[in-house]
Amino acid sequence: MNKIYLLILAALMPFFALSQKQPKNKMKFGKVSVEELQMTQCAIDSTADAVILGEFYSYSIENIPNMGLKLNLEMFKRVKILNSNSINNLSNFQFELYPDASRINYFKAVTYNLENGQIIETPLDNESKFIEEDGDWQIYKYAFNNVKEGSVLEYKVNIQSSFIVDFPIYYSQTSYPIVWTELYVSYPELIDMKYFISGQVPLSYSSNDRINGIISDLWIFQNVPALKQDNFSIDVKNYFSKIKYELRRIAVPGVYYKEYTNSWNEISKDLIESDHVGELIKKKNYVQDIVAAVKADTTCKTVQSKVNLSKKLINTQYQWNSVNRLFPTWEFKNVIKEKSGNSADLNILLLATLKELNIPAKPVALSTRSHGMVVAENPSTKDLNYLITTFEADGKRFYVDAATDYSGINQLPEKCINGKALILDLTNPVWADITAGEKYNRKVLVKVNLDESLMISGNYQSKESGYAAQKIRREIFEEGSESEYISQQKNSYANYEIADYTLKDVPNYEKPVAVSFNFNYTQPVGDMGGFYTIDPILFKDFSVTPFVKETREVNIDFIYPMILDYTYILTLPQGFTIEELTTPQKVTNPDKTISFSYNVVANANTVTFNVKFQIDRTTYAIGQYEEVKSFFELFINKQNTPLIIKNN
């Protein structure tokens, strides 16, 4: 049986030098030691906020008499909380169930604390359990009780499922260091399985046995370092070391044979033919009023204008419930009745509208950034979690998300810009590269006045285009209204009094957002004994570098190209002169994808600063980290250079 399929050939290298003797771990549920509770630091990483003391996963397929094949999943995990920074992340956990085919046989979760030399146990109660519907799946969410610095948390669960194709991905690495993690997999030899291994964490031990018609695999990893989320990167989970098992076929010679390996063509065909996706797009009665309104609007002469108006009408009539989904709500009539739905619901409405308008459109299935990147070589519906819309006009393809009213045509929300997506079709699905259709573009003009009492006031104006405009629109959506957003912005500027804050063209996706306000800076300028220092570059996007690590373990991903263009005009009071001006500078990196310019001109009592920082590429490899890091340091250091003046 051809079992091993490795995604990356280089990944073979760490597995050659394995221990010949199986290491043992005697950790048992409920047997937490005083030493574990007294632990204050992780031996693997002294800076860690928490450490996973042990993880034990068992996935087994059994042929149970009178019940058939069943998948048994058992998970046991123990975690040490070293400081309060990790409590929010680790005191909650969840797992998914297919309710019509799964049941929980055993579940227990306990928090342990050391109080006055005694181990105090706090079991998880029913009030700390929540169940959330996710299409055909249920997500069981749990929250540990009485968690604090020094706690040890552990849970153990056993799930039995008739959905034997649902092998969870096993991650041998997380954002926290792991002392011990293992995976045990067993199944009858009449079942053909394959597995995929990826990542850089070396195995401590592995074995493969075939005894009495049962195949079993054991994987053990020890002292696994953490891999943490970095600034400007895709979700770090994409880089974790992992093992993924898939059921290929069941073959009982002369009795039974079934193939389980899907292809993307089959997945696409199933979605298009399903009552739950493809058939809903044909339901014109759901969108008759929207179609009529678009046809009645005489200003809608282009395909793009018709799509924009259709999306606007859907966003006006229906509220997105902030739930990301690949599949529409099962009872779609409830969406129509309640005027609220998930992301797929609203895109289904847009697709149905465009169909009635005779605009060629198709659904697009993708994985959001937090869900992980899709591996095209490994077909699975569970790797997809979001549905958007694509349409054609003038020989070009455009993408739009009907759910997010802060996004526009070819300006998808950031969460959707995550590599490849599948354009669904009955016979010919196509992979598409989903990239940012526009730049993050800010053009800022700040007029600053320094009065004779050395207090600063002025006026701020900016034109926010592309993803800079989308950022404002998204934050307005999240805050609930423009007024709430303005209030939040005014409060976010420390040491400033903000007045007359206005926004323009927020609802018009085709235009930049204009921002304007007046300000008073409440802190005096720096006094150096006859000389004064002024920070001339106010309202910075970056006041400190986002790249502080000496080395980087993951690629840099800016999501979109970026242009930051600032002009600052500073007017000095009578009698003040400039003692020292910063030297102008203009630099680019070797491939000219990053550029920075800084220019300053003095004229009488007015000084004009022009600062421009531009990034034309969205991704940079680990080997280019130092190059990108140096440019950010140059940019930030230059804009933070003070202007020195004196009073004559």
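A. Structural detail: the layout of surface pockets. If you add up the space inside the second largest pocket, you get close to 640 Å³. Around the second largest pocket, the lining comprises 30 residues; the ones closest to its centre are Y493, L538, F539, K540 and D541. Taken together, the elements giving at least two residues each to the lining of the second largest pocket come down to β24 (440-450), β25 (456-466), α9 (467-479), α10 (482-492), β26 (496-504), β27 (513-521) and β29 (531-534). Classifying every residue of the lining of the second largest pocket gives 17 nonpolar, 6 polar and 7 charged.

B. Focus on the packing of helix α6 (residues 303-317) against helix α8 (residues 343-356). Two elements in contact, α6 and α8, have axes separated by 10 Å at closest approach and are oriented at 140°. On the basis of their axis angle, the class for α6 and α8 is oblique. For α6 against α8, the interelement crossing comes out right-handed. Contacts between α6 and α8 involve V307, S310, K311, I314 and N315 from the first element and L346, L349, L350, T353 and L354 from the second.

C. Representation of the side chain of S462 within the structure. By secondary structure assignment, the location of S462 is in strand β25. Under the relative-accessibility criterion, S462 is labelled buried at 6%. Polar side-chain contacts of S462 include one of 2.6 Å to the side chain of E464. Apart from the residues within four sequence positions on either side, S462 is in contact with R442, K443, V444, V513, A514 and V515.

D. Representation of the packing of aromatic side chains within the structure. Per the counting criterion, the structure on display carries 50 aromatic pairs. With 5.7 Å between their ring centres and 40° between their planes, Y493 and F517 make a pair best called tilted. Remark: F517 occurs in strand β27 and Y493 occurs in the loop between α10 and β26; sequence separation between them is 24 residues. Between the aromatic rings of Y598 and F609, the centroid separation amounts to 6.4 Å while the plane-to-plane angle is 65°, which identifies the pairing as edge-to-face. Here F609 lies in strand β35 (residues 606-615) and Y598 lies in strand β34 (residues 594-603), a separation of 11 residues in the sequence. Residue classification places Y598 among the buried residues on the basis of a relative accessible area of 2%.

E. Spatial organisation of helix α11 (residues 625-639). In a regular helix each residue adds 1.5 Å, so 15 residues correspond to 21 Å; α11 covers 21 Å between its end C-alpha atoms and thus fits that length. Within α11, burial applies to Y625, V628, K629, F631, F632, F635, I636, K638 and Q639. Where the residues of α11 are buried, they touch β30 (556-557), β31 (562-571), β33 (585-588), β34, β35 and β36 (619-620).

How each quantity is defined
- Residues numbered from 1 in each chain as written.
- Predicted model: local features only at pLDDT ≥ 70, side-chain atom pairs only at ≥ 80, totals over all residues.
- Heavy atoms only, no water.
- 1 Å grid on protein atoms, 1.4 Å probe; cavity = no way out; pocket = protein on both sides within 12 Å on 5 of 7 lines; lining within 4 Å.
- Points joined across faces, edges and corners; volume = space filled by probe spheres on them.
- Helix = DSSP H or I, 4+ residues; strand = E, 2+ residues; numbered from the N terminus.
- Nonpolar A, V, L, I, M, F, W, Y, C, P; charged D, E, K, R; others polar.
- Axes fitted to C-alpha atoms, helices over the stretch in contact; angles between N-to-C directions.
- Parallel < 35°, antiparallel > 145°, perpendicular 65-115°, else oblique.
- Left-handed = near helix turned anticlockwise from the far one by under 90°.
- Contact = heavy atoms within 4.5 Å.
- Buried < 20%, exposed > 50% of the residue type's maximum accessible area, 1.4 Å probe, protein only.
- Polar contact = N/O pair within 3.5 Å; in protein donor to acceptor, adjacent residues only side chain to side chain.
- Phe/Tyr/Trp six-rings, centres within 6.5 Å; stacked < 30°, edge-to-face > 60°.
- Expected span 1.5 Å × (residues − 1).

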